[in-house]
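Below, each chain spelled out in residue letters.
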Amino acid sequence: MSANIVPAGVPADENPLTASHHHGPMFPPTHPLALAPVAAAPHSVDGFVKEFLRELNTGQGVALSRSTVNDQYLALARTVRHYLMARWLETMRHQRASKAKTIGYLSAEYLLGRQLGNALLGTDLNEIAENAMNACGLDLATLRAQEVEPGLGNGGLGRLAACFIDSLATMSVPCIGYGIRYEYGIFKQTFVDGRQVEQPDTWLALGSPWEFPHPEAAVQVDFGGHTETYDDEGTQRSRWVPSWNVLGIPYNYMVPGYQNGRVNTLRLWSAQATKAFDLAIFNSGDYAEAVRAQTFAENITKVLYPEDSTPQGKELRLQQQYFFVACSIRDFIDQGLEDDFDWHDLPERIIFQLNDTHPVIAVPELMRVLVDEQKLEWDEAWEITKQCFAYTCHTLLPEALEVWPAELLGRLLPRHLEIIYRINDDFLAEVRQRYGDDEMKVRAMSIITDFPSRQVRMAFLATIAATKVNGVAALHSQLLRDKLLPAFSEYWPDKFTNVTNGVTPRRFIKLANPALSKLITDTLGPGWVNDLDRLAELEPFAEDEDFRQAFRDAKQANKTRLIDLLQARDGIDLPADHLVDVMVKRLHEYKRQTLKVLHVVSLYEQIVSGELDPASVTPRTVIFGAKAAPGYRMAKEIIYLINSVATVINADPLVNGRIKLAFPANYNVTLAEKLIPAADLSEQISLAGMEASGTGNMKFALNGALTIGTDDGANVEIRKLVGDAHFFGFGMTEPEVVELQAGGYRPSEYYESNPLLKRAIDLIASGAFSNGDRGTFEPVVSNLLYEDRFMALADFQPYLEAQAKVEAAYADVEGWTKSSILNVARSGFFSSDRSMRDYLSRIWRASAV
């Protein structure tokens, strides 16, 4: 261990503050010059130009006249990065000196978005950078567009993690985010004849100027082998004898606070072989075998969530999860603690937040370190461990709670399985003390289940080990207590709490929506970006005619920006005068993209049948954005259906341009930043009781879209805050869903009894969207008629009625604008800054430094 926490990556002998390249420290550590921050980049256009040209010449090795756009982008990024470096080093120095409690955020996903715009925003350099690039004959927007965002997440989980670390930096809270540097990340989605095709996401191909690799700070991670007992001066102890290992290489990213001088760290781990190349084997002519070890090791961090329908895929996922938590725990110990640190004080220095079940293997890993390496007694090690973890559950789907085959865990991590067994035995002994011989209760709470085979329930392990367990919306947290983990909630009622999710206003209002941001600042003055409760001050302006017009102008500017982007990006042409109706989220049946498709098909069927005059239909552009997991067949069929419906409707002259469907491929943060501010209507239509929270719903409301939604996840809180008059609610409540399921849900009855629904499904089944082939969408149709697990048909009629209310409201331009303004004014609660305050007070017991 070292008191030098230049986080795994800025070793003391490389720190320009304290070291010479040749002769050791220039100054004693307490010398004023050693403590002074590195000089910041000049705060003038001329100074910025000089820094930029220096980076272009010396960093990229090219003159401006011969440079490519990528050269220019990399030089610009490093210029901005240089300015942040001074703040970053000072933050780390201050953190070492203060020894304040740190949040270790363990997450398998981080959907960061592009970094350049966020860094310019955080440093207040945007205007200077724009003028400097103009002076060089360059366009800042072109250089920003050159950046490829890191695809290190799948959806809300990763976006939430990125929002949270942004807020903690802005609030000056010590935090280090830990995750995986996936070489290819989430796949790049393309459509071939309307079907999803996955391509590698080569986000690193053109360079990544925002990361700092530090191979000299590599961590060894062991796997396999066996355990053995030995005598340690009269004490019987266990130790792990692994059979193979890999190295974890840390890559540091800066996480700047918003114009507050603090820069926290995100540390992502990349796997590398301990012996990457065998020269003797290479010289023998077996070239593939010579690099086999490196190929095997690199697979661990090759892609996000390897397809796990095979035993090999399952094993690789577990390798990923253990790899990054083992690296992270070792990193904090080695870089964050003093040599003579008292382990009993560990809870005062760190709390690891488990972002879902992916990092839960960290619990037995910390126990292994404390018991096997530091040789603490089991009971004292367990008391320490229980104070060092908190667990956030992000699901209500039982199948989404990870379980690992005990055979796999025992083969890959034998010592950890032993530790889990011991934790479980001790816990069940406590349960029996309280409940006597109630073996059904004991089985219900056991980490180990033997049906259908012996498996380890990671959510149960997390719940037992965590100091707190939280859900991510009020309804979700209640269902977590009552439905998902009821035995544990009864056993530890005070352990469970709620922290409703939030989103960062820096990226999703200030950066994504400059038109609205300017209007808010012009109206309220500065300061609202870090105090989103101030949006409430906009409420009286909903009655101001000039403000409403300015608000509409901002929305129209955002629509124009989106139209231009989709034309250039995807070749999609959209009208400028439509209601923009948006449904963007992971493709999953519970999110019910099928319900939205049925609505569109029903409108189309009524037009082509002559029942509806196209002129009476509210002009509407429906935009989908969604990726389906590579192995999720039904989700892929739904994507194909959406694209096929779009092809037919967009080309049919009978529709007369009143309905337009668009499905741009590869929805990501970069597209979200343009799409969300342009939306009029936000589709949040999951089956009640299925969505944990959602964060897209919050982003849309904060950007002035009205929500059509069920009482699910954070929709409940949005509706309560903005008011029923400004929210289009529909559908069954969660208790009504349960009641219908219990009574035996028969979707065919809804099909037979609702003429509009029957005609819409029949049109899909007829081959109208598949060149006359009736079998193309048979899997989707059959699923709806005979299973419909998420009850789209039951909520179809209420959904249509809610959409009719949408059309009536949209026809009243002034009324719609008032509702839109009030959605913004009443959604300040959904700032991730508020979420972080809740975590700090309810769970982490930490504070700003």
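Structure's up top.
Owing to the predicted nature of the structure, the values given are computational and were not obtained by experimental measurement.

Enquirer: Is there a simple way to explain the overall build of the chain in this structure?
Expert: A count of helices and strands for the chain gives 34 helices and 23 strands. Radius of gyration (C-alpha) of the chain: 28 Å, near the 29 Å computed for a compact globule of 849 residues. Put simply, the chain has 849 residues, and 60% of those count as buried. Partitioning the contacts of the chain with sequence separation of at least 6, the portion at a separation of at least 24 is 76%. Treating the 81 positive side-chain charges of the chain as one cloud and the 109 negative ones as another, the clouds have centres 2 Å apart.

Enquirer: It is not clear to me how the packing of helix H12 (residues 362-373) against helix H13 (residues 378-386) should be interpreted in this structure. Could you clarify?
Expert: Any two packed helices are characterised by how steeply their axes cross, that is the angle between the axes, and by the distance between the axes. In the contact formed by H12 and H13, the axes pass within 9 Å of each other and the chain directions differ by 135°. Looking at the two axes, H12 sits oblique to H13. In the packing of H12 onto H13, the handedness of the crossing is right-handed. Each of Val363, Leu366, Met367, Leu370 and Val371 in H12 lies in contact with H13, whose residues at this interface are Trp378, Ala381, Trp382, Ile384 and Thr385.

Enquirer: Whenever I open this one, the pairing of strand S22 (residues 706-709) confuses me. Can you help?
Expert: Two faces, one strand: in a regular strand the side chains alternate between the faces of the sheet. Both faces of S22 are covered, namely the face carrying Leu706 and Ile708 and the face carrying Thr707 and Gly709. Note: strand S21 (residues 681-684) against S22, four bridges, orientation parallel. Each residue of the ladder has a partner; that of Gln684, found in S22, is Gly709. Note that the unit made of S21, helix H26 (residues 696-702) and S22 has a crossover that is right-handed. Strand direction decides the pairing type here: S22 and strand S23 (residues 727-729), joined by three bridges, are parallel. The partner of Thr707 across the bridge, within S23, is Phe727. What joins S22 to S23 is helix H27 (residues 715-722), and the crossover it makes is right-handed.

Enquirer: How should I be thinking about the sheet that holds S23 in this particular structure?
Expert: Sheets are built from strands paired through backbone hydrogen bonds, the pairs being either parallel or antiparallel. The strand order across the open sheet formed by six strands is S20-S19-S18-S21-S22-S23, and the pairing between neighbours is parallel. The outermost strands of the open sheet, each flanked by one partner alone, are strand S20 (659-662) and S23. Taking the axes of each pair of neighbouring strands and ignoring which way they run, one obtains an average angle of 20° across the sheet. Sheet topology note: the strand S18 (residues 579-584)/strand S19 (residues 620-625) ladder contains six bridges and is parallel. The residue bridging Val584 from the neighbouring strand is Gly625, located in S19. Each of S19 and S20 is contacted by helix H24 (residues 633-651), which is oriented at about 145° to S20, the strand it contacts most. Its contacts with the sheet put helix H33 (residues 813-825) on S21, S22 and S23, and the angle it makes with S22 is roughly 85°.

Analysis parameters
Residues numbered from 1 in each chain as written. Predicted model: local features only at pLDDT ≥ 70, side-chain atom pairs only at ≥ 80, totals over all residues. Heavy atoms only, no water. Helix = DSSP H or I, 4+ residues; strand = E, 2+ residues; numbered from the N terminus. Rg over C-alpha atoms; globule rule 2.2 N^0.38 Å. Buried < 20%, exposed > 50% of the residue type's maximum accessible area, 1.4 Å probe, protein only. Contact = heavy atoms within 4.5 Å. Lys, Arg positive; Asp, Glu negative; His and termini not counted. Charge placed at Lys NZ, Arg CZ, Asp CG, Glu CD. Axes fitted to C-alpha atoms, helices over the stretch in contact; angles between N-to-C directions. Parallel < 35°, antiparallel > 145°, perpendicular 65-115°, else oblique. Left-handed = near helix turned anticlockwise from the far one by under 90°. Pairing = 2+ DSSP bridges. Right-handed = clockwise from strand over helix to strand, strands pointing away.

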